Amino acid sequence: MSTVHYAYRIATHLNQRLTQRLRQQGWVPHPQVYPGLGDGEKVQVMGRVLLGRMDDRHIWHQESTDVEVPKHARGWRQFITAPMANAAIEIQVGKRTLRTRTDRDGYFDLMVHGHGLVPGWHTVRVRTTADISGAARIYILNPKSRVGLLSDIDDTVIITHLPRPFIAAYNAFVLTEEARDVVPGMGTWYRQILQDHPFAPVVYLSTGAFNTVPFLQRFLHHHQFPSGMMLMTDWGTTTTGWFRSGLDHKRKSLARLVKDFPQIKWILVGDDGQHDAMVYNEFARQHPDHVAMIGIRELTPVEHALIHGQPVPPGGANVRNQPPIIATSNDAVPTIHGPDGYALAAAYRHWRNDSRCPQPGDPSSES
C-alpha cells in the first residue's frame, strides 16, 4: 500500500485547523461553480466550496448571465482561499436535484445524468447549508456537433511569460484582467472556427489553478473569446508529492473528453513554450479519429529566452519558416503554426480549403 506524502498530511491538518477556526468566527461555506459541458444524457458539474464571510457574496458568486461581476481589487485575492472539506451541497441541473459532499480539498466533480436539458446554454446552481448559492453556465451539445475547439490558456490566449517567477507573479497577483496582454488575433480566430462550426463545444484546458477561473472568465469576455468549459487544476500538495503534474492533468483531461464525447473531433490549440505540441501529438497518435487539427502558437525569441534561456523551442529549431500546414508522422492530423491568431487563422483558412478537411454540410461536420 502506498504511503500518503507527508506534505499532503501536513496541508490537510492545517486546512482542518483553519476551517475550524474560521467557522468559529462565523465564516460560512460559499460555492464556486465552474462552466461545464454535457450532452442530452449527461453533464459534468464542477466547483469548489470556500469559506468566507457572509458579506463576501460579491467576491465569490456570479449568475450565469452576469460576467461583469465586482472584481477583486488585485489578483492576489483569488489565491487566498480556505476550502471546506466534506461540505454538504445541493446541485440543481435541469429537472435533477442532487445532494453530495466536497472532497478533502473542497472540490466537487460529478456527472449528472437525466437532466432533461435541450441543446444550448443553461444554468447550473449549487447551494450550501448556509443557504448561499452559486451558479455557472453549462453547454449542452447539439446532436449534430462533430467538431470541438480545445485551447490552452497560458501563452496561447493570454501572455504570461511563465515560468519566469517575478514576471509571472506580478501578472498573477497584481494586474487586473484589463491590464493583462492578450495574444493578438486569437479571439478573432476562435470566433471564425465557431462560424464554421456553430454547434462546436469550447474547452479551455490549462495547468493553471481553479482559483483563477473568475479572472479568466472576465479576461476572455473582455477580449471577446467564446465561452467554454474550464478544465483547470489545483495548486499544492498531492498524496504523492509537493506538486501536481501538469502533463498528467492534460493527458487525463483529453482522455476523459474522448470517453465522454466520442463523436467530437477536436481542434487542439496550444503553444510551443511548454509541452502542448508533445501532448497533442501524442494524443493524435493514440486517437487519430478524435483530432481534426492541431494549432501551435509560436512564442517569440524573447518569450522563449525568458522561459527556457534560449531563443528557440526546446528539442528543435523554430518552425517559423516552414509551410503553414505540416503533417504529423502518420499524415493523418494536420498541424498549423503561427506567431499569433492572425497567422493561425490564415493557415486555418488554407486548411479549410484543403479537400481533405471536413466541410460544413459533410456527414463528419455540422450542418
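Remember, it's a predicted structure, so these values are computed and weren't measured experimentally.

> Honestly, helix α7 (residues 276-286) in this entry has me stumped. Any pointers?
Helical geometry note: an α-helix holds 3.6 residues per turn, so side chains three or four residues apart project in the same direction. For α7, the complete set of buried residues consists of Asp276, Val279, Tyr280, Phe283 and Ala284. One face of α7 carries all of its buried residues, which in axial projection span an arc of 130 degrees. Summarising the geometry of α7, the exposed residues directed more than 90 degrees from the buried face are Arg285 and Gln286.

> What should I look at first to understand helix α5 (residues 213-222) in this one?
Across the 10 residues of α5, seven count as buried, placing the element largely inside the fold. When α5 is considered as a whole, its buried residues turn out to be Val213, Pro214, Phe215, Leu216, Arg218, Phe219 and Leu220. Directly beyond the C-terminal end of α5, a positive phi value near 60 degrees is found at glutamine 224.

> In this structure, what is going on with the side chain of serine 151? I would like to understand it.
Among the secondary structure elements, serine 151 is positioned in strand β9 (residues 147-151). By relative accessible area, which is 0% here, serine 151 ends up buried. Apart from residues lying up to four places away in sequence, serine 151 is in contact with Thr156, Val157, Tyr190, Val203, Tyr204, Leu205 and Val269.

> Even after reading the chapter, I still don't get the environment of alanine 346, so can you show me in this structure?
Counting through the fold element by element, alanine 346 comes out in helix α9 (residues 341-352). The exposure class of alanine 346 is partly exposed, given its relative accessible area of 35%.

> Just to check I follow, could you spell out the packing of aromatic side chains for this structure?
The way to describe two aromatic rings as a pair is by their centre distance and the angle between their planes. The full count for this structure, using the stated rule, is eight aromatic pairs. Ring geometry for tyrosine 107 against phenylalanine 210: centres 5.5 Å apart, planes inclined by 50 degrees, an arrangement best described as tilted. Here tyrosine 107, found in strand β6 (residues 107-113), pairs with phenylalanine 210, found in the loop between β10 (202-209) and α5; they are 103 residues apart in sequence, far enough to count as distant. Since its relative accessible area comes to 11%, tyrosine 107 is described here as buried.

> Could you clarify how one ought to interpret the environment of aspartate 271 in this entry?
With respect to the element layout, aspartate 271 can be found in strand β12 (residues 265-271). Each C-alpha atom, one on aspartate 271 and one on isoleucine 153, is 9.1 Å from the other, the two residues being 118 residues apart in sequence. Those residues within four positions of aspartate 271 in sequence are excluded, and the remaining contacts are Asp152, Asp154, Asp155, Thr156, Asp276, Ala277, Ile296, Arg297 and Leu299. One polar contact links aspartate 271 to threonine 156, side chain to side chain, over a distance of 2.9 Å.

> What is the right way to look at the pattern of salt bridges in this model?
Side chains carrying opposite charge are able to pair once their charged atoms draw close together. Using the criterion set out here, one finds nine salt bridges in the structure. Across the pair aspartate 276 and lysine 250 runs a salt bridge, and its minimum N-O distance is 2.6 Å. One end of the pair, aspartate 276, is in helix α7; the other, lysine 250, is in helix α6 (residues 246-260), and 26 residues separate them in sequence. Here lysine 250 falls in the buried class, since its relative accessible area comes to 6%. With a shortest N-O distance of 2.8 Å, arginine 251 and glutamate 282 are connected by a salt bridge. With arginine 251 in helix α6 and glutamate 282 in helix α7, this residue pair connects regions lying 31 residues apart in the sequence. Relative accessible area serves as the criterion here: at 29%, arginine 251 is assigned to the partly exposed category. Salt bridges here are not isolated pairs; linked through shared partners, they connect Asp109, Arg256 and Asp260.

> What's the story with the nonpolar core in this structure? I'm lost.
Here is a general trend for soluble globular proteins: nonpolar side chains tend to be buried in one another's company. Grouped together as the largest cluster of nonpolar side chains are 58 residues, with contacts concentrated most on Leu150, Trp189, Tyr190, Ile267 and Leu268. Every residue in contact with tyrosine 190, bar those within four places of it in the chain, is listed here: Leu149, Ser151, Thr156, Val157, Tyr204, Phe225, Pro226 and Val269. Ranked by size, the runner-up nonpolar core spans 23 residues in total, among them Leu22, Val43, Met84 and Val93.

Conventions used here
- Residues numbered from 1 in each chain as written.
- Predicted model: local features only at pLDDT ≥ 70, side-chain atom pairs only at ≥ 80, totals over all residues.
- Heavy atoms only, no water.
- Buried < 20%, exposed > 50% of the residue type's maximum accessible area, 1.4 Å probe, protein only.
- Helix = DSSP H or I, 4+ residues; strand = E, 2+ residues; numbered from the N terminus.
- Arc of directions from axis to C-beta.
- Contact = heavy atoms within 4.5 Å.
- Phe/Tyr/Trp six-rings, centres within 6.5 Å; stacked < 30°, edge-to-face > 60°.
- Polar contact = N/O pair within 3.5 Å; in protein donor to acceptor, adjacent residues only side chain to side chain.
- Salt bridge = Lys/Arg side-chain N within 4 Å of Asp/Glu carboxyl O.
- Core = buried A, V, L, I, M, F, W, Y, C linked by side-chain atoms within 4.5 Å.

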